[in-house]
Amino acid sequence: MSKPKHSKVIRPGFPLPVSDPVQDRFARPLRDLRLSVIDRCNLRCDYCMPADSLQGRGIFLPKPELLSDDELVRLVRVFVRLGVHKLRLTGGEPLLRPGFTDLVARLAALPGIDDLALTTNGILLPRHARALKAAGLGRITVSLDSIDAATFLRMSGGKGSAAEVLAGIKAAEAAGFDQLKINTVVQRGVNDNEIESLIGFFRGTGHIVRLIEFMDVGSLNHWDRTQVVASADLLKRIHDCWPLRPLPSKVHGETARRYAFEDGEGEVGFISSITQPFCGDCTRARVTADGNLYSCLFAHRGAALRPLLRQRSTDDALEAFLRGQWQAREDRYSELRSSIDGDSQRVEMFRMGG
Ligand code: SF4
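Treat the numbers as computed from the prediction; the structure is a model and nothing was measured. (Residues numbered from 1 in each chain as written. Predicted model: local features only at pLDDT ≥ 70, side-chain atom pairs only at ≥ 80, totals over all residues. Heavy atoms only, no water.)

A closer look at the site of the ligand
- Surveying the vicinity of the ligand reveals the residues Phe278, Cys279, Cys282, Arg284, Arg286, Cys296, Leu297, Phe298, Arg329, Asp331, Tyr333 and Ser334.
- Those elements that provide at least two residues to the shell around the ligand are strand 10 (284-287) and helix 10 (333-336).
- Residue composition of the shell around the ligand, by class: 7 nonpolar, 1 polar and 4 charged. (Near = heavy atom within 4 Å. Helix = DSSP H or I, 4+ residues; strand = E, 2+ residues; numbered from the N terminus. Nonpolar A, V, L, I, M, F, W, Y, C, P; charged D, E, K, R; others polar.)

Have a look at this one:
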């Protein structure tokens, strides 16, 4: 039997999930937590961790600096007190974290979390999909920027293959995950000429492709606005092939604008942080694998939680700290992008977790 929304299943020692989440300076409620569980990755996507940018040793966090499973579970439990009910596990590549499936099982059991999702590059799904399903994972988003073997390698820093990711999607289907989200970052002159073939490939499969405008996250990806393909242009191109009609948002604060194929072959989404920012409804907090809290994907300053987690502070003290951080939040980077000093050292995507 599935858990009712905001389930009131009380377990000894577990606080009731709240119905009035903490709000920030723009009255945006805290509802979603994106938790990066590791910064390591088995790919080198050029819009996140370009192969030429990070060389040599000491790139990634040493194990002792990673939050432990106990610390992650405790942290999420306290976030639930503040209103979080959607939890997305990210990375780096989260499936590289040792014992990840056990962590998923513990997070899935937490009262108040009624939407537990994973963002992965899919390459390790054949090994883990069934166990993740059994552990209680609800949804999977697979990052796939091209089904063309050469373009895939060009965008992944020469690592992995489109075939491996497609095998991962098949394994997720076989494990019972349907309606996967397929996240595709579109870059002009790189993969924008392939969008129709990628959409055509997934039409009718039940999976939903979301086309993401190339974003200036971090400072390594050599972002250039001329490389951005506006969602409106892609929407027109796809509509010319397969007529589309707009769909309403499924949830408050949804990042994608949804469109259904008129012929019933599914839907497609557009995440347009550059041309159609959506900060007004942003209900997302992010925590990096080493325990830094960020209130925006484009933040360059965060709050360290690890000391609070490791220095015997109480859950009440942790809750009060998190509440204060969110209440002081006024991020609207995407809306203010053009007027903000672009040079400030923003946190890298592979650390922030997207
Ligand atoms: S730019 Fe920041 S505030 Fe705006 S939607 Fe993205 S994460 Fe939220």
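A word on unusual backbone geometry
- Here the residue pair Gly91 and Gly92 is connected by a cis peptide bond, since its omega of 20 degrees sits within 30 degrees of zero.
- Tracing the sequence through the fold places Gly92 in the loop between strand 2 (86-90) and helix 2 (100-108).
- Phi is positive for Ala27, which is not a glycine, with a value near 60 degrees.

Some details on the side chain of Thr101
- Here Thr101 is to be found in helix 2.
- A relative accessible area of 18% places Thr101 in the buried class.
- Leave out the neighbours within four places in its chain, and Thr101 touches His128, Ala131, Leu132 and Ala135. (Buried < 20%, exposed > 50% of the residue type's maximum accessible area, 1.4 Å probe, protein only. Contact = heavy atoms within 4.5 Å.)

Brief notes about the layout of surface pockets
- By volume, the second largest pocket is sized at about 550 Å³.
- Along the walls of the second largest pocket sit 26 residues, with Ser295, Cys296, Ala299, Arg301 and Asp331 positioned nearest its centre.
- Those elements that place two or more of their residues in the lining of the second largest pocket are strand 11 (292-294), helix 9 (315-327) and helix 10.
- The leading source of residues in the lining of the second largest pocket is helix 9, at 3 residues.
- By residue class, the composition of the lining of the second largest pocket is 14 nonpolar, 5 polar and 7 charged. (1 Å grid on protein atoms, 1.4 Å probe; cavity = no way out; pocket = protein on both sides within 12 Å on 5 of 7 lines; lining within 4 Å. Points joined across faces, edges and corners; volume = space filled by probe spheres on them.)

Looking at the nonpolar core
- Within the largest apolar cluster, 103 residues are counted, with the highest numbers of intra-cluster contacts made by Phe79 and Leu89.
- With 8 residues, the top contributor of residues to this core is helix 1 (residues 69-82).
- With near-sequence residues (within four places) excluded, Phe79 lies in contact with Leu30, Leu33, Val84, Ala285, Val287, Leu293 and Leu322. (Core = buried A, V, L, I, M, F, W, Y, C linked by side-chain atoms within 4.5 Å.)

What to know about the packing of aromatic side chains
- On inspection of all chains with the given rule, the structure shows 5 aromatic pairs.
- Ring geometry for Phe60 versus Phe350: centroids 6.1 Å apart, planes at 85 degrees, classification edge-to-face. Highlighted residues: Phe60 in the loop between strand 1 (32-36) and helix 1 and Phe350 in helix 11 (residues 349-352), separated in sequence by 290 residues.
- Its relative accessible area of 14% is what places Phe60 among the buried residues.
- Residue Phe350 is classed as buried on the basis of its relative accessible area of 1%.
- Both rings, one in Tyr259 and one in Phe270, keep their centres 5.7 Å apart while their planes meet at 80 degrees; by these two values the pair is edge-to-face. (Phe/Tyr/Trp six-rings, centres within 6.5 Å; stacked < 30°, edge-to-face > 60°.)

Section: the sheet that holds strand 9 (residues 267-271)
- Within the open sheet, the 12 strands sit side by side as 7-8-9-6-5-4-3-2-1-10-11-12. Their pairing is mixed. Edge positions in the open sheet fall to strand 7 (244-247) and strand 12 (303-304), since each of these has one partner strand only.
- Relative to strand 2, strand 1 is paired through 5 bridges, and the arrangement is parallel. Paired with Leu35 across the strands is Leu89, a residue of strand 2.
- Lying on the sheet, helix 7 (residues 231-241) is in contact with strand 5 (181-186), strand 6 (208-213), strand 7, strand 8 (257-261) and strand 9; it crosses strand 9 at an angle near 165 degrees. (Pairing = 2+ DSSP bridges. Axes fitted to C-alpha atoms, helices over the stretch in contact; angles between N-to-C directions.)

A short note on empty space enclosed by the protein
- Scanning the entire structure with this criterion turns up 3 cavities of 30 Å³ or more.
- Roughly 40 Å³ of internal volume is contained in the largest cavity.
- If you list the elements that add at least two residues to the lining of the largest cavity, you get helix 6 (195-202) and strand 9.
- Among the residues forming the lining of the largest cavity, the class breakdown is 5 nonpolar, 1 polar and 3 charged.
- Empty space within the second largest cavity amounts to approximately 40 Å³.
- What lines the second largest cavity is Lys181, Ile208, Arg210, Glu254, Ala256, Arg258, Glu267, Val268 and Gly269.

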